[in-house]
Amino acid sequence: MKRRLSLVFKNLKRKLVVGIAGPSSHQRQAVVSLVLLALTELALLTLTFCTNFLSAYIHNTLEVFHGFRLRALSNAQSIVSFERVTGIFVEQPLQRWHDSNFAGWSFWNTYYAGVHPVVTVLFLVFILVRMFAWKLTRVNWKRMNEGVSPLSTAASADYAPLPSAESPYYSPENASAVVTRDTFTDMTPAQQYRFLRAIWVLSAWLAFFGFLFIPTMPPRLLPVCDFFNYSGANVGACLTTEYSFIDTIGAHGSLLWDWNDESVKSLNNPYAAFPSQHTIFAAWCAMTWIMLMGPASRSLSTRSVHYWLRGLLRWGIIIYPMVTVYCIIITANHYISDALGGLVALAVSYGTVYLYYLYKDRRFIHYKDESLVSTVLPY
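Residues numbered from 1 in each chain as written. Predicted model: local features only at pLDDT ≥ 70, side-chain atom pairs only at ≥ 80, totals over all residues. Heavy atoms only, no water.

K.L.:
Whenever I open this one, empty space enclosed by the protein confuses me. Can you help?
P.N.:
In this approach a probe as big as a water molecule rolls over the atoms, and the regions it shows empty are the leftover space. Applying the stated criterion across every chain, the model contains 2 cavities of 30 Å³ or more. If you add up the space inside the largest cavity, you get close to 90 Å³. Estimated volume of the second largest cavity: approximately 70 Å³. Here the lining of the second largest cavity is composed, by residue class, of 5 nonpolar, 4 polar and 1 charged. (1 Å grid on protein atoms, 1.4 Å probe; cavity = no way out; pocket = protein on both sides within 12 Å on 5 of 7 lines; lining within 4 Å. Points joined across faces, edges and corners; volume = space filled by probe spheres on them. Nonpolar A, V, L, I, M, F, W, Y, C, P; charged D, E, K, R; others polar.)

In structure tokens:
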């Protein structure tokens, strides 16, 4: 059933591409196919990046804010109780220590407000452009039904045939679907993109469902009494005797935006704290960089400067999620549990995508030690 549904969607794509480009313009069909792929990916990435705004819209539209606020406060108090029991409730003393010794709130507030989206977008654009650059270099502009394909010799009712003369597609050389071979480095740039993108998308949507079903009041709002949303409802808990957190962005501002900006009030979900998307995206960027750099080269000696320089370039990115976690805690925008929840969400996403790829790997035909796709489609 699943295979038939996949073929239905692929046939619909063929008809759409042929309908736009025309049945006789084969090169135009390949270009249209690439453009559709680019638009689809950009739409998916944009929608995923806006999950915080989407959760805010859903809560503001479908739920009474007072009940939403009480649930968020209850979840926050549960997290504080858990951290006190486990001995990791250090957010308040850490913020006071940083304020006394370093401050620099304009920098840290701007880091929280701007670095998180900018770095993530740069990584997404990089792997997306890298995929398309690889695809364009592999184009041979030959019709798929010209010549004999090894797939034609692998007759099997379980796999779709090559496109017929009515579907004269062009394709890149060695075109293949998403599949894990032995390691990540054995994948093509297109396969690597889909693997990494799938992890990012799944983890972001896991966070989205956390925002929907586990709304959590961040530390900065626990002692706040005078912060209101766009409709005039009080957002804070006003627990001034129990907590002494400082809303650093509210008190010192940032170079990009402030909580009192009308656009921020209307678009932002104030209780989108658990799990921390800042942590998820920062850790994903680090993971992406490490995986793209590949393992240590066996040809380099451990005494070589290049060996240690490559290791520094590969593992230095770990500093980024560490600084991000430190930032979201000292600015009182997240609890330590939020960061841990973000790491768990990313780990679950990675494991799920990896297992899915192992499952997909079994659905491939192997012809002379080469993996061939069951359904041939351009790009």
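K.L.:
Before we go on, may I ask you to explain the pattern of salt bridges in this structure?
P.N.:
Where charged atoms of side chains with opposite charge meet at close range, the side chains can pair. Counted according to the given criterion, the structure contains 3 salt bridges. Among the ionic pairs, Glu41 bridges to Arg197, the shortest N-O distance being 2.8 Å. One end of the pair, Glu41, is in helix α2 (residues 26-49); the other, Arg197, is in helix α8 (residues 189-213), with 156 residues separating them in the sequence. Take Arg197: its relative accessible area is 14%, and that puts it in the buried class. (Salt bridge = Lys/Arg side-chain N within 4 Å of Asp/Glu carboxyl O. Helix = DSSP H or I, 4+ residues; strand = E, 2+ residues; numbered from the N terminus. Buried < 20%, exposed > 50% of the residue type's maximum accessible area, 1.4 Å probe, protein only.)

K.L.:
Explain the nonpolar core to me, please; I cannot follow it from the model alone.
P.N.:
Across soluble globular proteins, you tend to see nonpolar side chains buried next to one another. Core analysis: the largest hydrophobic core is formed by 78 residues, its most contacted members being Phe195, Leu196, Met217, Leu222, Tyr271 and Trp284. For this core, the secondary structure elements donating two or more residues are α2, α4 (65-86), α6 (105-137), α8, α11 (277-293), α13 (319-330) and α14 (336-361). A per-element tally of this core places α8 first, with 14 residues. Among all residues touching Tyr271, those that are not within four sequence positions of it are Phe65, Phe68, Arg69, Ala72, Pro215, Thr216, Met217, Pro218, Leu221 and Val235. (Core = buried A, V, L, I, M, F, W, Y, C linked by side-chain atoms within 4.5 Å. Contact = heavy atoms within 4.5 Å.)

K.L.:
Please clarify how the environment of Phe49 should be interpreted in this entry.
P.N.:
Along the chain, Phe49 turns up in helix α2. Judged by relative accessible area, Phe49 falls into the partly exposed class, the value being 23%. The sequence separation of Phe49 and Val201 amounts to 152 residues, and the corresponding C-alpha distance is 8.6 Å. Excluding anything up to four places from it in sequence, Phe49 contacts Pro117, Thr120, Val121, Trp200 and Phe281.

K.L.:
I keep staring at the side chain of Thr48 and nothing clicks. Help me out?
P.N.:
Position of Thr48 relative to the elements: it lies in helix α2. Using a relative accessible area of 0% as the deciding quantity, one classes Thr48 as buried. Beyond its immediate chain neighbours, meaning those up to four positions away, Thr48 contacts Trp200, Val201, Ala204 and Trp205.

K.L.:
Explain the packing of aromatic side chains here, please?
P.N.:
The geometry of an aromatic ring pair comes down to the distance between the two centres and the angle between the two planes. Per the stated rule, a full pass over the model turns up 23 aromatic pairs. With 6.1 Å between their ring centres and 25° between their planes, Phe65 and Tyr271 make a pair best called stacked. Of this pair, Phe65 sits in helix α4 while Tyr271 sits in the loop between α10 (262-267) and α11; the two residues are 206 residues apart in sequence, bridging distant segments of the chain. With relative accessibility at 14%, the residue Phe65 sits in the buried group. Residue classification places Tyr271 among the buried residues on the basis of a relative accessible area of 0%. When the ring of Trp200 is compared with that of Trp284, the centres are 6.2 Å apart and the planes differ by 50°; the resulting orientation is tilted. Taken as a pair, Trp200 in helix α8 and Trp284 in helix α11 lie far apart in primary sequence, 84 residues in all. Under the relative-accessibility criterion, Trp200 is labelled buried at 0%. Taken together, the aromatic side chains of Phe184, Phe195, Tyr350, Tyr354, Tyr356 and Tyr357 make up a single cluster linked through ring pairs. When the ring centre of Trp259 is taken as origin, the NZ or CZ atom of Arg220, which lies over that ring, is 3.8 Å away. We note Lys265 situated over the ring of Phe227; from NZ or CZ to the ring centre the distance is 5.8 Å. (Phe/Tyr/Trp six-rings, centres within 6.5 Å; stacked < 30°, edge-to-face > 60°. Lys NZ or Arg CZ within 6 Å of the ring centre and 35° of its normal.)

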